[in-house]
2 protein chains.
Amino acid sequence: MTETPVTGLDELSATDRTRHRRLREKGRTDRAALHEVLSAGFVCHLGVLTGGVPMVVPTVYGFDTDHIYVHGSAASRSLTPPDTVCVTVTHVDGLVLARSVFEHGVNYRSAMVYGVPRSLRGDEKLTALRILTEHAAPGQWDYARKPSRKELAATTILAISLAEASVKVSSGPPDDGDGPDAALGLWAGVLPLATTWLPPIPDPLLPEGITPPTHITVRAGKQLS
Amino acid sequence: MTETPVTGLDELSATDRTRHRRLREKGRTDRAALHEVLSAGFVCHLGVLTGGVPMVVPTVYGFDTDHIYVHGSAASRSLTPPDTVCVTVTHVDGLVLARSVFEHGVNYRSAMVYGVPRSLRGDEKLTALRILTEHAAPGQWDYARKPSRKELAATTILAISLAEASVKVSSGPPDDGDGPDAALGLWAGVLPLATTWLPPIPDPLLPEGITPPTHITVRAGKQLS
């Protein structure tokens, strides 16, 4: 697998928590790489402390230049400000099948963000919800009915700064192609995974004649990340 | 979306941490549902406490009837026994596109396991590594070179009991098909996501004439989960 070395303190802060220590892991600390990983998905895993124990919940996110916004309802009962949370976004790109079991691995792209979440209110919350909605479902903010005041009040959106973040990318073939195990004569390579949008399935309660808008149909057949 | 109610204390322990509190979330506490979710993937998100802060790392897992086994190298530097960890496995099945932004959501299957990890040694570690390898890459344990004593020593495998676990499944169309928003005349439904294995890519260093074994090629075109 390609080893991208830790590039140092480019733009993102590499604290003790986000500095990469493992040799086989590849760290990329620049902001473009972070935005690339965040662009490629819409579900993150949010780690919060609850009764002294970490709880990891999947939730939807969006982001802009400086913040990641997560739908915080699942975690809000456990959040005790100013507790730090960890948001991890992972894309699994394939299995690395090596000549030895030991060299097997996963090709992936992953971003990890640490920060103290701020629960948004008012216009800030509405803006963040639009960013999050448009990130997961582009075109739907203008197409669907926008949230009422009551619905907005019932929604928890957390903003977490992207200042303390790291990115790890693992790609390419297994590492043992030029080692002694090459002599075993075994097949080795990568079994890639692709996550693809399928054609939209209409709600069974939808009346006849309502067709899906283009901003939805264009996604069918496209890869998520 | 289909709301599967909490089925109660079937076989799995529903502690305060794993009991579902949100109305829209669907809890399934039986062991078959748990095994179903764990079967459908091979990368989990492991939450560990590090300096009083939760850290969420993606890692490979396998499981048997009573335990989930996770590759613990990424987390091992932070683990302080007997700290409890949280292992979450999530499959994203699609986007729920409703008539209102508020009713938008994600169809997913997710399992959450809490437990005190045990770092395995000797035969137990070898057995767990076989389970984990065969879960991610079926057929490779017998095909590839098995780990040497030194390689095994350099591998951290954590075992976590499945006794305290919960499953949430969200599926089906949006909820607002029979509410007042139906009169808006907007399209609504689900945009499904499929994660599929692609044909294997040989290591560029592989000599001519070594073809991939059937246990690898049969996966191409199949859905992961």
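Since the model is a prediction, treat every value here as computed from it, not as a measurement.

Definitions and cut-offs
Per-chain numbering applies: the sequence of each chain, read as written, is numbered from 1 onward. Chain letters and ligand numbers both follow the written order, the letters beginning at A and the numbers at 1. In keeping with the model being predicted, local features are shown solely for residues with a pLDDT of at least 70 and side-chain atom pairs are shown and tallied solely at 80 or more, while totals for entire chains, interfaces and linings include all residues. Where side-chain values are given, they derive from all heavy atoms of the structure, hydrogens and water being excluded. Runs of E in the DSSP output that reach at least two residues are strands. Runs of H or I that reach at least four are helices, and both are numbered from the N terminus. Residue contacts follow a heavy-atom distance rule, with two residues in contact if any of their heavy atoms lie within 4.5 Å. Residue-level accessible areas treat just the shown protein chains as cover; the underlying method is Shrake-Rupley with a 1.4 Å probe. Salt bridges are defined as contacts in which a side-chain nitrogen from Lys or Arg sits within 4 Å of a carboxyl oxygen from Asp or Glu. We call a residue buried when its accessible area falls under 20% of the maximum for its residue type, exposed when it is over 50%, and partly exposed in between, using a 1.4 Å probe and counting protein chains only. Here a pair means two rings of Phe, Tyr or Trp (six-membered ring of Trp) with centres within 6.5 Å. Their orientation is stacked below 30 degrees between planes, edge-to-face above 60, and tilted elsewhere. Lysine NZ or arginine CZ positioned within 6 Å of the ring centre and within 35 degrees of the ring normal marks a charge as sitting over the ring. Summed over both partners, the accessible surface that disappears when two parts come together, traced with a 1.4 Å probe, is what is meant by buried area. Fitting of the copies onto one another was done by least squares over C-alpha atoms, counting residues only where both copies have pLDDT of at least 70. How sure the predictor is of each residue is captured by pLDDT, a score from 0 to 100. What makes two strands pair is DSSP finding at least two bridges between them. Every helix has an expected span of 1.5 Å times one less than the residues it contains. Here, nonpolar core refers to any group of buried Ala, Val, Leu, Ile, Met, Phe, Trp, Tyr and Cys residues whose side-chain atoms link them within 4.5 Å. When charges are counted, neither His nor the chain ends are considered; positive counts come from Lys and Arg and negative counts from Asp and Glu. In this description, the term disulfide denotes a pair of cysteine sulfurs within 2.5 Å. Pairing of N or O atoms within 3.5 Å defines a polar contact, subject to two protein rules: one partner must be a possible hydrogen donor and the other a possible acceptor, and residues neighboring in sequence count only if both atoms are side-chain atoms.

(A) Structural context of the overall build of chain A. Secondary structure summary: chain A contains 6 helices and 11 strands in total. Look at the contacts in chain A between residues 6 or more apart in sequence, and 69% of them connect residues 24 or more apart. Element-wise, carbon and sulfur atoms account for 55% of the exposed surface of chain A, whose accessible area totals about 9300 Å².

(B) Up close: the pattern of salt bridges. All told, the structure shown has 14 salt bridges over all chains when counted by the stated rule. Notably, a salt bridge pairs Lys146 of chain A with Asp142 of chain A, separated by 3.9 Å at the nearest N-O pair. The class of Asp142 of chain A is exposed, set by a relative accessible area of 66%. As a salt-bridge pair, Arg145 of chain B and Glu151 of chain B come within 2.9 Å of each other at their nearest N and O atoms.

(C) Region of the structure containing the packing of aromatic side chains. Residue and element names in this part refer to chain A. One pass over the structure, following the stated rule, counts 2 aromatic pairs over all chains. Ring plane angle 20° and centroid distance 5.8 Å describe the contact between Phe42 and Trp197, whose orientation is recorded as stacked. Of the two residues, Phe42 is situated in the loop between helix H1 (31-39) and strand E2 (43-50) and Trp197 in strand E10 (residues 189-197); the sequence distance between them amounts to 155 residues. Take Phe42 and Trp197: they sit in the same class, and that class is buried. Lying over the aromatic face of Trp197, Arg219 brings its terminal NZ or CZ to 4.4 Å of the ring centre.

(D) Structural context of the interface of chain B and chain A. Counting from both sides, the interface comprises 90 residues of chain B and, opposite them, 90 residues of chain A. When the two sides are added together, the surface that chain B and chain A hide from each other amounts to roughly 7400 Å², 70% of it contributed by carbon and sulfur. It is Val101, Arg145 and Trp187 of chain B that lose the most area in chain B upon contact with chain A, and together they represent 11% of the buried surface on that side. Our count for the chain B to chain A interface comes out at 4 salt bridges.

(E) View of the relation of the copies chain B and chain A. Screw-axis analysis of chain B against chain A gives a translation of 0.0 Å along the axis, an RMSD of 0.0 Å, and a rotation angle of 180°. Each copy turns onto its partner about a two-fold axis. Taking the C-alpha atom as reference, chain B places Thr195 of chain B closest to the rotation axis, 2.1 Å from it.

(F) The confidence of the model for chain A, seen in detail. Residues and elements named next belong to chain A. Predicted confidence across chain A gives a mean pLDDT of 88, with 85% of residues reaching 70 or more. Within chain A, helix H4 (residues 140-143) carries the highest mean pLDDT (98), whereas strand E1 (residues 27-28) carries the lowest (58). Confidence drops under a pLDDT of 50 for residues 2-11, and excluding neighbours within four residues, the segment shows 25 contacts in the predicted structure. Taken together, the stretch residues 20-25 has pLDDT below 50 and engages in 19 contacts with residues farther than four places along the chain or on a different chain. Across the whole predicted complex the pTM is 0.90, and at the interface the ipTM reaches 0.90.

(G) Quick peek at the pairing of strand E3 (residues 53-63) of chain B. Residue and element names in this part refer to chain B. Of all the 11 residues making up E3, 10 are buried; the element is thus mostly covered by neighbouring parts of the structure. With 8 bridges joining them, strand E2 (residues 43-50) and E3 adopt antiparallel strand pairing. Paired with Cys44 across the two strands is Thr59, which belongs to E3. Between E2 and E3, which pair antiparallel and follow one another directly, the connecting turn spans 2 residues, one of which, Gly51, has a positive phi of 60°. With 3 bridges joining them, E3 and strand E4 (residues 67-71) adopt antiparallel strand pairing. Residue pairing for E4: Phe63 is matched across the bridge by Ile68. Count of turn residues in the E3/E4 antiparallel hairpin: 3 residues.

(H) Helix H3 (residues 122-136) of chain A, seen in detail. For H3 of chain A, which comprises 15 residues, the first-to-last C-alpha distance of 21 Å matches the rise-based estimate of 21 Å (1.5 Å per residue) to within 8%. Residues Lys125, Ala128, Leu129, Ile131, Leu132, Thr133, His135 and Ala136 of chain A constitute the buried set of H3 of chain A.

(I) Quick peek at the environment of Ala163 of chain B. Position of Ala163 of chain B among the secondary structure elements: in the loop between strand E8 (157-161) and strand E9 (164-170). Sequence-wise, Ala163 of chain B and His67 of chain B are 96 residues apart; in three dimensions their C-alpha atoms are separated by 8.2 Å.

(J) Representation of the nonpolar core. Within the largest apolar cluster, 62 residues are counted, with the highest numbers of intra-cluster contacts made by Ile68 of chain A together with Ile68 of chain B. In contact with Ile68 of chain A, other than residues within four places in its own chain, are Leu38, Tyr61, Gly62, Phe63, Val87, Val113, Leu158, Ala159, Ile160 and Leu162 of chain A.

(K) Expanded view of the side chain of Arg219 of chain A. Inspection of the secondary structure puts Arg219 of chain A in the segment after helix H6 (214-217). Of the side chains with opposite charge, Glu134 of chain A lies nearest to the buried Arg219 of chain A, which makes no salt bridge, at 8.9 Å. With residues near it in sequence (within four places) discarded, Arg219 of chain A still touches Ala136, Ala137, Pro138 and Trp197 of chain A together with Leu95 and Leu191 of chain B.

(L) Representation of the state of the cysteines in the model. Residues and elements named next belong to chain A. Following the criterion strictly, the structure yields 0 disulfides over all chains and no others. Looking at Cys44, it has no disulfide partner, and the nearest cysteine sulfur is the one in Cys86, 9.9 Å off. Judged by relative accessible area, which is 0%, Cys44 ranks as buried.

(M) Up close: the environment of Thr88 of chain A. Residue and element names in this part refer to chain A. Mapped onto the elements, Thr88 comes out in strand E5 (residues 85-97). On the basis of relative accessible area, Thr88 is assigned to the buried category, the value being 0%. For the pair Thr88 and Met112, spaced 24 residues apart in the sequence, the C-alpha separation amounts to 4.5 Å.

(N) Structural view of the pairing of strand E9 (residues 164-170) of chain A. With 7 of 7 residues buried, E9 of chain A lies mostly within the body of the structure. The alternating pattern of E9 of chain A places Glu164, Ser166, Lys168 and Ser170 of chain A and Ala165, Val167 and Val169 of chain A on opposite faces, both of which are buried.

(O) Broad picture of the environment of Asn107 of chain A. All names here are of chain A. You can see Asn107 is positioned in strand E6 (residues 105-115). For Asn107, a relative accessible area of 5% gives the class buried. The spatial distance from the C-alpha of Asn107 to the C-alpha of His91 is 8.7 Å, given a sequence separation of 16 residues. At a separation of 3.4 Å, a polar atom in the side chain of Asn107 contacts the main-chain amide nitrogen of Ser171.

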